[in-house]
Amino acid sequence: EATVYTIPVVVHVLYNTSAQNVSQAQIQSQIDVLNEDFRRTNSDYTLTPSEFAGSVADTEIEFVLATTDPNGNATTGVTRTSTSKSSFSTNDEMKFTAQGGKDAWDTQKYLNIWVCNMSGGILGYAQFPGSGAANTDGVVILTTGFGSTGNVSAPFNEGRTATHEVGHWLNLRHIWGDGNCSADDYVSDTPIAAASNGGCPSYPSKSCSNNGGFSSDMFMNYMDYTNDACMYMFTTGQKNRMRAVLDAGGFRSDLVT
Ligand code: ARG
Ligand code: ZN
Ligand code: CA
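Residue positions are given per chain, counting from 1 as you read along its sequence in written order. Lettering of chains starts at A and numbering of ligands starts at 1, both following the order in which they are written. Local features in this predicted model are restricted to residues whose pLDDT is 70 or higher, and side-chain atom pairs enter the listing and the counts only when it is 80 or higher, whereas totals over whole chains, interfaces and linings include all residues.

A word on the site of ligand 1
Our working rule: By definition, a residue lies near a molecule or strand when the C-beta atom built from its backbone is within 6 Å of it. Strands here are runs of E lasting at least two residues and helices are runs of H or I lasting at least four, both read from the DSSP assignment and numbered beginning at the N terminus. Residues are sorted three ways: Asp, Glu, Lys and Arg are charged, Ala, Val, Leu, Ile, Met, Phe, Trp, Tyr, Cys and Pro are nonpolar, and all the rest, Gly among them, are polar.
The local shell around ligand 1 holds 13 residues, among which Leu-123, Phe-156, Arg-160, Thr-161 and His-164 are the closest. At the level of elements, strand S5 (124–126), helix H3 (160–169) and strand S8 (225–226) are the ones that each hand at least two residues to the shell around ligand 1. No other element matches the 4 residues that H3 contributes to the shell around ligand 1. Here the shell around ligand 1 is composed, by residue class, of 5 nonpolar, 5 polar and 3 charged.

Observations regarding the nonpolar core
So the rule is basically this: Only buried residues count toward a nonpolar core: Ala, Val, Leu, Ile, Met, Phe, Trp, Tyr and Cys, linked into one set through C-beta atoms within 7 Å. Around each residue's C-beta, the other C-beta atoms within 10 Å are counted; 20 or more make the residue buried, 12 or fewer make it exposed, and counts in between make it partly exposed. All C-beta atoms are placed from the backbone. By definition, residue pairs are in contact when their C-beta atoms, positioned from the backbone, come within 7 Å.
One finds Val-9, Ile-113, Val-115, Cys-116, Val-139, Ile-141 and Ala-162 to be the most contacted residues of the largest nonpolar core, which totals 56 residues. Counting only elements with at least two residues in this core, the list comes to strand S1 (5–15), helix H1 (24–38), strand S2 (61–65), strand S4 (111–116), strand S6 (139–142), H3 and helix H4 (236–246). At 7 residues, the largest contribution of residues to this core is made by S1. Ala-162 has contacts with Gln-30, Val-33, Leu-34, Ile-113, Val-139, Ile-141 and Phe-146, leaving out every residue within four places of it along the chain.

A closer look at H4
By the burial criterion, the buried members of H4 are Gln-238, Lys-239, Arg-241, Met-242, Arg-243, Val-245 and Leu-246. Buried residues along H4 sit in contact with S1 and S2.

Description of H1
Put simply, the rule is: Working rule for helices: expected span equals 1.5 Å times residues minus one.
The end-to-end C-alpha separation of H1 is 21 Å, in line with the 21 Å expected for 15 residues at 1.5 Å each. Along H1, the positions that sit buried rather than exposed are Gln-26, Ile-27, Ser-29, Gln-30, Ile-31, Val-33, Leu-34, Asp-37 and Phe-38. Against S1, S2, strand S3 (78–82) and H3 lie the buried residues of H1. One or two positions beyond H1, positive phi appears at Arg-40, with a value near 55 degrees.

Points about the environment of Leu-14
Checked against the element boundaries, Leu-14 lands in strand S1. The buried category is assigned to Leu-14, around which 25 C-beta atoms lie within 10 Å. Considered as a pair, Leu-14 and Thr-76 are 62 residues apart in the sequence and their alpha carbons are 16 Å apart. The contact partners of Leu-14, leaving out residues within four places of it in the chain, are Thr-81, Thr-83, Met-94, Gly-101, Lys-102, Trp-114, Val-115 and Cys-116.

Some points on unusual backbone geometry
Residue Pro-155 follows Ala-154 across a cis peptide bond; omega there is 5 degrees. In this fold, Pro-155 is placed in the loop between S6 and H3. Along the chain, Tyr-203 connects to Pro-204 via a cis peptide bond; the corresponding omega equals -5 degrees. Tracing the sequence through the fold places Pro-204 in the loop between strand S7 (198–199) and S8.

Quick notes on the confidence of the model for the chain
Operational definition: You can read pLDDT as the predictor saying how much it trusts each residue, on a scale of 0 to 100.
The pLDDT averaged across the chain works out to 98; a share of 100% of its residues lies at or above 70. Here the prediction assigns the complex a pTM of 0.98, and the interface score ipTM is 0.95.

Here's what the structure looks like:
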């Protein structure tokens, strides 16, 4: 049994229309999905094909809306900011009050999640541990891909964009290694794949012969590009890679101490 890590979260809601000012229920639904997916209490993980079933992990990582703000005052863990920007791109403007967004809370102490409209069909993006400025650290999620109730849009209406982005934020690479059959995701129990999978593939679907003898890509992994309804597991190797970031000495260890 590993220590269960609990990560305090602040959700920054940015809205240009009232529909983008998402409900507390929508926000809570996303926290619930994160907890289900990271604790393997999601009901769909049992769909995992038997050749992968033994590696489905409870990461023993949990998420809770912050109850104390950076000044030590009580908070709901949610900020709401009206913006003149009808959409944002991946240039981090949503992370700065002076640019129509909302400044981060101390990124060493909180997981900052910005929820906003995005241009160009972008569902979300994340900053890897140690790979950028402290004041842009966190994840961004498209309003209609955030949570599993309220203003959400199929097929990204089950909260898995945040599961995927928080995976990146905890140092996970895409499962296909962003390359071909010789690219790695640095996780040994996820098979090599030639490219991303999208939609909802039928099992088995195998793209590389050198994949360790598995009969299929692990397209049901949260770090692939399949639909929310068709991704439902992290592996033990991914768990270990994520937890290393939170363990003593890890880049994000201050979040959980
Ligand atoms: N394209 C985004 C990324 O690479 C997110 C993909 C999320 N997929 C999903 N089924 N919700 O970070
Ligand atoms: Zn990704
Ligand atoms: Ca792998």
